Amino acid sequence: MQPAVRYSPDVETVSTDEAEVIRGLSDALRDILETTSRDYGHAVRAVHAKSHGIIRGELEILPGLSPELAQGLFAKPGRHPAILRISTNPGDLLHDGISVPRGVALKIMGVEGERLDGAEGRTQDFIFVNGPVFSAPDPATFLKSLKLLARTTDRAEWAKRGLSAVLRGAEKAVEAVGGESATLKTLGGAPNVHPLGETYYTQTPFRHGDHIAKLSLEPASDTLTRHRGEIIDTRGRPDALRETMAADMQAGDAVWNLRVQLCRDLDRMPVEDPSVLWDETLSPFVTVARLHALAQPGWSEDAAGLVDEHMRFSVWTGIQAHRPLGAINRARREPYRMSAAFRAGFNGCPIHEPAAAEGVTP
């Protein structure tokens, strides 16, 4: 196996139009925020507005990791309080019959190390999606998708549910001939799978101390793996995912593996294009930590009120040892800050980094 690539600032390449594209992303997200806050009389997230699961847990950093894996947060064994938020990507609060990719935001507390610029507190955030690659190769392409999402915000929900069903059928047809369409899944053609059975990926790379890596969150306990591939029936159930999560997380304690895939070849495992799949035969994912969660309601009004209203999740909240890399990550920075500031201002509700997982009770 090739040695892990050493991190240096020159692994990133900034395009000449990047600043302009980032302004466009902020404008598109602001359009979504203004539309939904007008409709609801309350500001919700511009993307991943609807939470389906809020889970309190503890991240265990494993002992005996190799030097190239024992980096940053994972440099020494230990335990950290953590909060997991499971959501789907639209910026409006939709019927769960509109099936789109699942996302997980993980906030780890009590993390020591030099902070990223503007990163408050002592937390480290990682954001995952249930697919290994990002839907766009660059911010300009991503902006086109986001503009489409902004244009469909506040449109007739019944039409979105119908479109989602059509797109799910189209996606099945594509998969039947050995393909997969990230565009179809983003627009509502994703299978309506159980969030607890899914494996999640950062899709984009991060600094891993002296190296570069992508991360993944994989179900490990039977309480999670039993739901792999399970389709949730949403007929007549606008909040089917919340209801299912609230019940199924009470079936027993849950464990996820937090895994790292080190970059070993910058040509075959590029930093700037997250639509390229990093070959696991070249560099497999390796477990560096485990997320433990006691049996608990997987979603509740109280927990969602605390996390959805008072917390933000951003790849730019964390330490320098896990600095986000690549154009898509750079493009997330200012729009995420704008979105959080808009919510705080509109709702008159300050957003802060928690010191512990208090309030999110099992």
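By convention here, each chain's residues receive numbers from 1 onward along its written sequence. With pLDDT at 70 or above as the cut-off, local features in this predicted model cover only qualifying residues; side-chain atom pairs require 80 or more to be listed or tallied, and sums for whole chains, interfaces and linings still use all residues. Computation of side-chain values: all heavy atoms of the structure, hydrogens and water removed.

In the annotation of an unreviewed UniProt entry, the protein is listed under the name Catalase family protein and assigned to Paracoccus fontiphilus.

### Remarks on the pattern of salt bridges
Rules: Here, a salt bridge means any side-chain nitrogen of Lys or Arg that lies within 4 Å of a carboxyl oxygen of Asp or Glu. To qualify as a helix, a DSSP run of H or I must reach at least 4 residues; to qualify as a strand, a run of E must reach at least 2; elements of each kind are numbered from the N terminus.
The final tally for this structure, using the stated rule, is 23 salt bridges. For Arg6, the salt bridge identified is with Asp210, shortest N-O distance 4.0 Å. You can see Arg6 sitting in the segment before α1 (18-40) and its partner Asp210 sitting in the loop between β6 (206-208) and β7 (211-219), a full 204 residues away along the chain. Taken together, the salt bridges that share partners define one network made up of Lys107, Glu120, Asp125, Arg312 and Glu353.

### Observations concerning helix α6 (residues 240-248)
How we decide: For every residue, the accessible area obtained with a 1.4 Å probe (protein chains only) is divided by the maximum for its type, and the residue is called buried under 20%, exposed over 50%, and partly exposed between those limits. Pairs of residues are marked as contacts when any of their non-hydrogen atoms sit within 4.5 Å.
What α6 keeps buried is the set Ala240, Leu241, Arg242, Thr244, Met245 and Ala246. Taken together, the buried residues of α6 touch β1 (51-61), β2 (78-88) and β3 (102-108).

### A word on unusual backbone geometry
If you check the backbone angles, His48 has positive phi at about 55 degrees while not being a glycine. Following the sequence through the fold, His48 ends up in the loop between α1 and β1. Even without being glycine, Gln203 reaches a positive phi, approximately 70 degrees. Mapped onto the fold, Gln203 is located in the loop between β5 (200-201) and β6.

### Re the packing of aromatic side chains
Applicable threshold: Pairing of aromatic side chains here covers Phe, Tyr and the six-membered ring of Trp, requires ring centres within 6.5 Å, and sorts the geometry by plane angle: under 30 degrees stacked, over 60 edge-to-face, intermediate tilted. Both a distance and an angle decide whether a charge sits over a ring: NZ of Lys or CZ of Arg must be within 6 Å of the ring centre and within 35 degrees of the ring normal.
The full count for this structure, using the stated rule, is 4 aromatic pairs. Ring geometry for Phe134 against Phe142: centres 5.2 Å apart, planes inclined by 65 degrees, an arrangement best described as edge-to-face. Taking the relative accessible area as the measure of exposure, Phe134 reaches 10% and is therefore buried. With a centroid separation of 6.0 Å and 5 degrees between ring planes, the pair formed by Phe342 and Phe346 is classed as stacked. With Phe342 and Phe346 both in helix α8 (residues 327-347) and 4 residues apart, this pair spans about one turn of that helix. On the basis of relative accessible area, Phe346 is assigned to the partly exposed category, the value being 42%. A cation sits over an aromatic face here: Lys107 above Phe313, 4.8 Å from the ring centre. In this structure, Arg333 packs its charged tip against the face of Trp316, placed 4.4 Å from the ring centre.

### Side note on the layout of surface pockets
As a reminder of what qualifies: Any residue with an atom within 4 Å of a point lines the site, the site being either a cavity, points on a 1 Å grid over the protein atoms alone where a 1.4 Å probe fits but cannot get out, or a pocket, an open set with protein on both sides within 12 Å along at least 5 of 7 lines. Grid points are joined across faces, edges and corners, and a volume is the space filled by probe spheres set on the points. Gly falls in the polar group here, along with every residue not listed as nonpolar (Ala, Val, Leu, Ile, Met, Phe, Trp, Tyr, Cys, Pro) or charged (Asp, Glu, Lys, Arg).
Counted as a void, the second largest pocket has a volume near 270 Å³. If you go around the second largest pocket, you meet 17 residues; those closest to its centre are Ala49, Arg242, Ala304, Asp308 and Glu309. When residues of the lining of the second largest pocket are assigned to their parent elements, the largest contribution, 5 residues, is made by helix α7 (residues 301-310). Class assignment of the residues belonging to the lining of the second largest pocket gives a composition of 6 nonpolar, 3 polar and 8 charged.

### A short note on the confidence of the model for the protein
To keep it simple, the criterion reads: A residue's pLDDT is the confidence the predictor assigns to it, expressed on a 0 to 100 scale.
In the predicted model, the protein carries a mean pLDDT of 88, and 88% of its residues have values of at least 70. Segment residues 156-188 is flagged for pLDDT under 50; beyond a separation of four residues in sequence, or across chains, it makes 57 contacts in the model.

### Considerations on the side chain of Glu18
Turning to its location among the elements, Glu18 is positioned in helix α1. Discounting residues that sit within four places of it in the chain, Glu18 has contacts with Ala327 and Arg330.

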